[in-house]
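Structural overview for review
Each chain is listed here by its residues.
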Amino acid sequence: MSFKLNPEKRRAIYERDGHACQYCGYPVTEKTRTLDHLIPRSGGGRHGVANLITACVSCNSSKGTKSLDRFRLFMALKRSRYAGILTCDQYDQLVAMGVDLGPIPVVVFPFETIGGEQ
Ligand SMILES: [Zn+2]
């Protein structure tokens, strides 16, 4: 995913986000940093600074065109005992069938904690 954004705005976003991926929280380097659309372009997301956040290559490619809530479920499953076992769709189907899968981790993305409250 590449698009034109002037280098100063790009740098300002990395600065604002503390040079850390806003999905997994790990620091990014010049080689691993990307910008991601919080609301995907395909979902009507704007191409402005407010809709852009720092993401590492890995999270950006995992997120793809998923909505934020879909990606949250993806990350929760990845951190749960169902990692590598259930996809988001399978999880949803099982829950819809009334299967009790128990709790899965609550995922709060770093950018959601800005300001100190969740
Ligand atoms: Zn990341």
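For the structure itself, look to the data block above.
The structure reproduced in this document is the subject of the present report. Model, not experiment: these values are computed from the prediction.

Around the zinc ion, the protein supplies Cys-21 (SG), Cys-24 (SG), Cys-56 (SG) and Cys-59 (SG) as donor atoms, at distances of 2.3 to 2.4 Å. With four donor atoms in place around the zinc ion and angles of 103 to 115° between them, the coordination shape is tetrahedral. Counting residues between consecutive donors of the zinc ion along the chain gives the motif C-x2-C-x31-C-x2-C. Of the two residues, Cys-24 is situated in the loop between helix H1 (7-16) and strand S1 (33-37) and Cys-56 in strand S2 (residues 52-56); the sequence distance between them amounts to 32 residues.

Let us look at the pattern of salt bridges. Evaluated as defined, the whole model comprises six salt bridges. Two residues, Asp-89 and Arg-70, come together in a salt bridge whose shortest N-O distance is 2.6 Å. Of the two residues, Asp-89 is situated in helix H4 (residues 88-96) and Arg-70 in helix H3 (residues 68-78); the sequence distance between them amounts to 19 residues. The partly exposed category is assigned to Arg-70, whose relative accessible area is 24%. Taken together, the salt bridges that share partners define one network made up of Asp-69, Arg-72 and Glu-112.

Analysis parameters
Residues numbered from 1 in each chain as written. Predicted model: local features only at pLDDT ≥ 70, side-chain atom pairs only at ≥ 80, totals over all residues. Heavy atoms only, no water. Donors = N, O, S within 2.8 Å, 3.2 Å for Na, K, Ca; no water. Tetrahedral: all angles 85-135°; square planar, octahedral: opposite > 155°, others 65-115°. Helix = DSSP H or I, 4+ residues; strand = E, 2+ residues; numbered from the N terminus. Salt bridge = Lys/Arg side-chain N within 4 Å of Asp/Glu carboxyl O. Buried < 20%, exposed > 50% of the residue type's maximum accessible area, 1.4 Å probe, protein only.

Geometry only, nothing functional implied.
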